[in-house]
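# Fold and geometry: a report
If you want the building blocks of each chain, they are given just below.
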Amino acid sequence: MKTWILAGTLGVCALLANAQTLPDNQTVVVPGGRLHTIELPAHRYFMNAETFSPFRGGYELSNGQVLYLRNTSNIGAFMYARIDDQEEHRIVATGKDSFVALDQQLAMRIDLRDDGSVGGEVLMRVPAAKMASGEIAPAHVQSMGLASR
């Protein structure tokens, strides 16, 4: 009797396991956001020095680092971003509140709120690094939130 119950249970489990697999010609596509990619836009968003002015300054990131944004003050102004004392990157606007570095090392979205607070996120490409154990940590994109201005 126990053998029949065990055989029946195993049969049901096998049917359930088989029901969870997809046929070879079907795939599931999981949409991915830009959370882990930094891409240049097909079309840039025009932003002059006056429109960029509210974004200038320093922003504390959720990991304790500081993002600095500045621009040149001449006509056809260039915009730049850097984190702490790292290399400065020339950026372009991709929307009314988003920017990407031309070298694709940084991307950011900055929400300037009416109450003076800020929100948003910064994506930073982190190069591969050798760890203390001797293993190599691969290059990746790190996401950080904007904590304050």
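We now examine the overall build of the protein. Per the secondary structure count, the protein includes two helices and 10 strands. Counting across all 149 residues of the protein, residues that qualify as buried make up 26%. Of the contacts made within the protein by residues no fewer than 6 positions apart, 41% connect residues no fewer than 24 positions apart. For the protein, the exposed surface amounts to about 10,300 Å²; the carbon and sulfur share of it is 56%.

Attention shifts here to the pairing of strand β2 (residues 66–71). The side-chain alternation of β2 yields one buried face, formed by L67, L69 and N71, and one unburied face, formed by V66, Y68 and R70. Where strand β1 (residues 57–61) and β2 come together, four bridges link them in antiparallel fashion. Residue pairing in the sheet places G57 in a bridge with L69 of β2. Here β1 folds back onto β2 in antiparallel fashion, the turn holding four residues, of which G64 has a positive phi close to 95°. Both β2 and strand β3 (residues 79–83) contribute to a ladder of five bridges, which runs antiparallel. Of the residues in β3, the one forming a bridge with R70 is Y80.

Below, the discussion takes up unusual backbone geometry. The phi dihedral of D84 is positive, around 50°, even though this residue is not glycine. For D84, the position within the fold is in the loop between β3 and β4 (89–95). Using a relative accessible area of 28% as the deciding quantity, one classes D84 as partly exposed. Even without a glycine there, the phi angle at Q104 is positive, about 60°. Accessibility expressed as a relative area gives 29% for Q104, which makes it partly exposed.

Detailed reading of the predicted coordinates is not advisable wherever pLDDT falls low. Counting all residues, the mean pLDDT for the protein is 82, and 74% of those residues have values of 70 or more. Per-residue pLDDT stays below 50 along residues 30–34; that stretch engages in three contacts with residues further than four places along the chain or on separate chains.

Where β1 lies against strand β10 (residues 140–148), two bridges are found, and the strand directions are antiparallel. Looking at β10, one finds that L61 is bridged to L146. Pairing of strand β7 (residues 118–126) with β10 involves six bridges; the strand directions are antiparallel. Among the inter-strand pairings, E121 is bridged to a residue of β10, identified as G145.

Here is what the cut-offs are and how they apply
Residues numbered from 1 in each chain as written. Predicted model: local features only at pLDDT ≥ 70, side-chain atom pairs only at ≥ 80, totals over all residues. Heavy atoms only, no water. Helix = DSSP H or I, 4+ residues; strand = E, 2+ residues; numbered from the N terminus. Buried < 20%, exposed > 50% of the residue type's maximum accessible area, 1.4 Å probe, protein only. Contact = heavy atoms within 4.5 Å. Areas by Shrake-Rupley, 256 points an atom, 1.4 Å probe, with all protein chains shown as cover. Pairing = 2+ DSSP bridges. pLDDT = per-residue confidence, 0-100.

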